[in-house]
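The residues making up each chain are set out below.
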Amino acid sequence: QKEVEQDPGPLSVPEGAIVSLNCTYSNSAFQYFMWYRQYSRKGPELLMYTYSSGNKEDGRFTAQVDKSSKYISLFIRDSQPSDSATYLCAMGNYKLTFGKGTLLTVNP
Amino acid sequence: SQTIHQWPATLVQPVGSPLSLECTVEGTSNPNLYWYRQAAGRGLQLLFYSVGIGQISSEVPQNLSASRPQDRQFILSSKKLLLSDSGFYLCAWRGGELFFGEGSRLTVL
């Protein structure tokens with residue numbers, strides 16, 4: 001079993017849709033969880049950072065962590081064409097393990 | 001605020017040539033620094049990390065090396081590039097969250 005698994009997509013949605021992105025992990029010792037957005041040929045940009053189970057909201061973005069199920073999610077409300085990018089989950093402790101990314105396209 | 005600078009942004013090198021990628025961080029002292037490589041379809045791979053000057057930990061055996069000559073400077077090097085070294089190289093620093101630079105895209109021909 002891979003340490004972190006993320007559906008690579010691609011995922012295509014209409015503008016205004018709610019987007020759900022997910023990752024599962026196998027190491028129950030992981031304490032820190034992050035979501036990144038990466039535009040083509042750019043470095044990843046940190047969107048959300050959390051270290052506890054539950055929900056964390058920032059504008060149109062909500063990160064959800066379920067440590068009992070080893071499952072994290074990122075929700076994007078009212079998606080915009082500018083949200084079109086690859087989304088990476090990352091988790092761990094001192095060292096982080098990344099998912100391979102989900103390619104999202106939001107169509108106007 | 002903290003910023004990361006990486007250069008060069010893009011380079012094309014022949015097989016067997018040397019490599020030097022440089023990263024500097026501003027706005028923080030004694031940062032934990034990281035080099036990652038992102039290859040198509042393989043995700044982000046941690047190559048090296050450093051907790052201080054002269055302290056380098058290698059995560060994967062390869063023909064790459066890293067050095068940290070100053071507190072906020074991190075350098076990735078190779079004496080002889082291989083085709084498999086092509087990829088997108090990212091420097092990052094961590095203070096809780098992990099922040100990335102804009103990356104250096106290397107093509108080895």
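Residues numbered from 1 in each chain as written. Chains lettered and ligands numbered in written order. Predicted model: local features only at pLDDT ≥ 70, side-chain atom pairs only at ≥ 80, totals over all residues. Heavy atoms only, no water.

Caption draft 1: Representation of the state of the cysteines within the structure. All names here are of chain B. Counted by the stated rule, this structure contains 2 disulfides over all chains. Sulfur-sulfur distance for the disulfide between Cys-23 and Cys-91 comes to 2.0 Å. Taking the sign of the S-S torsion, -70 degrees for the link of Cys-23 and Cys-91, the bridge is left-handed. On the criterion of sequence distance, the pair formed by Cys-23 in strand β3 (residues 19–26) and Cys-91 in strand β9 (residues 87–95) is long-range, its members being 68 residues apart. With a relative accessible area of 0%, Cys-23 lands in the buried category. The class of Cys-91 is buried, set by a relative accessible area of 0%. (Disulfide = S-S within 2.5 Å. Helix = DSSP H or I, 4+ residues; strand = E, 2+ residues; numbered from the N terminus. Buried < 20%, exposed > 50% of the residue type's maximum accessible area, 1.4 Å probe, protein only.)

Caption draft 2: Representation of the interface of chain B and chain A in the model. The interface is formed by 23 residues belonging to chain B together with 17 residues belonging to chain A. On inspection of chain B and its partner chain A, the count reaches 1 salt bridge. A salt bridge links Lys-95 of chain A to Glu-59 of chain B, with the shortest nitrogen-to-oxygen separation between them at 3.0 Å. At the boundary of chain B and chain A, one finds 5 residue pairs in polar contact (both at pLDDT 80 or more). Elements with a contribution of two residues or more to the side of chain B that touches chain A: β4 (32–39), β5 (43–52), β9 and β10 (97–100) of chain B. (Contact = heavy atoms within 4.5 Å. Salt bridge = Lys/Arg side-chain N within 4 Å of Asp/Glu carboxyl O. Polar contact = N/O pair within 3.5 Å; in protein donor to acceptor, adjacent residues only side chain to side chain.)

Caption draft 3: Just the pattern of salt bridges, in detail. Inspection of the entire model under this criterion finds 7 salt bridges over all chains. A network of salt bridges, in which partner residues are shared, links Arg-37, Glu-45, Arg-60 and Asp-83 of chain A.

Caption draft 4: Region of the structure containing unusual backbone geometry. Between Gly-9 of chain A and Pro-10 of chain A the backbone carries a cis peptide bond, its omega angle lying at 5 degrees. For Pro-10 of chain A, the location among the structural elements is in the loop between β1 (4–6) and β2 (11–14). Put simply, Trp-7 of chain B and Pro-8 of chain B share a cis peptide bond, and its omega is -5 degrees. With respect to the secondary-structure elements, Pro-8 of chain B resides in the loop between β1 (3–7) and β2 (10–13). The backbone phi angle of Asn-30 of chain B is positive, close to 50 degrees, even though this residue is not glycine. Its location among the elements puts Asn-30 of chain B in the loop between β3 and β4.

Caption draft 5: Spotlight on the pairing of strand β8 (residues 71–76) of chain A. Residue and element names in this part refer to chain A. One ladder, built from 6 bridges, connects strand β3 (residues 19–25) with β8; its direction is antiparallel. Across the sheet, residue Ser-20 finds its bridge partner in β8, namely Phe-75. With 6 bridges connecting them, strand β7 (residues 61–66) and β8 associate as antiparallel partners. Across the sheet, residue Asp-66 finds its bridge partner in β8, namely Tyr-71. (Pairing = 2+ DSSP bridges.)

Caption draft 6: Quick peek at the sheet that holds β7 of chain A. Residues and elements named next belong to chain A. A sheet is described by the order of its strands in space; here 5 strands give the open sequence β1-β3-β8-β7-β6, paired in antiparallel fashion. Two strands bound the open sheet, and with one partner strand each, they are β1 and β6 (54–58). The sheet shows a mean angle of 15 degrees between the axes of neighbouring strands, taken without regard to direction. (Axes fitted to C-alpha atoms, helices over the stretch in contact; angles between N-to-C directions.)

Caption draft 7: Seen up close, the pairing of strand β8 (residues 73–78) of chain B. Residues and elements named next belong to chain B. Counting buried positions along β8 gives 5 out of 6 residues, so the element sits mostly inside the fold. Taken together, the 6 bridges between β3 and β8 define a ladder with antiparallel strand orientation. Paired with Ser-20 across the two strands is Ser-77, which belongs to β8. The pairing of strand β7 (residues 64–70) with β8 spans 5 bridges and is antiparallel. Bridge pairing in β8 places Ala-66 opposite Leu-76. Here β7 folds back onto β8 in antiparallel fashion, the turn holding 2 residues.

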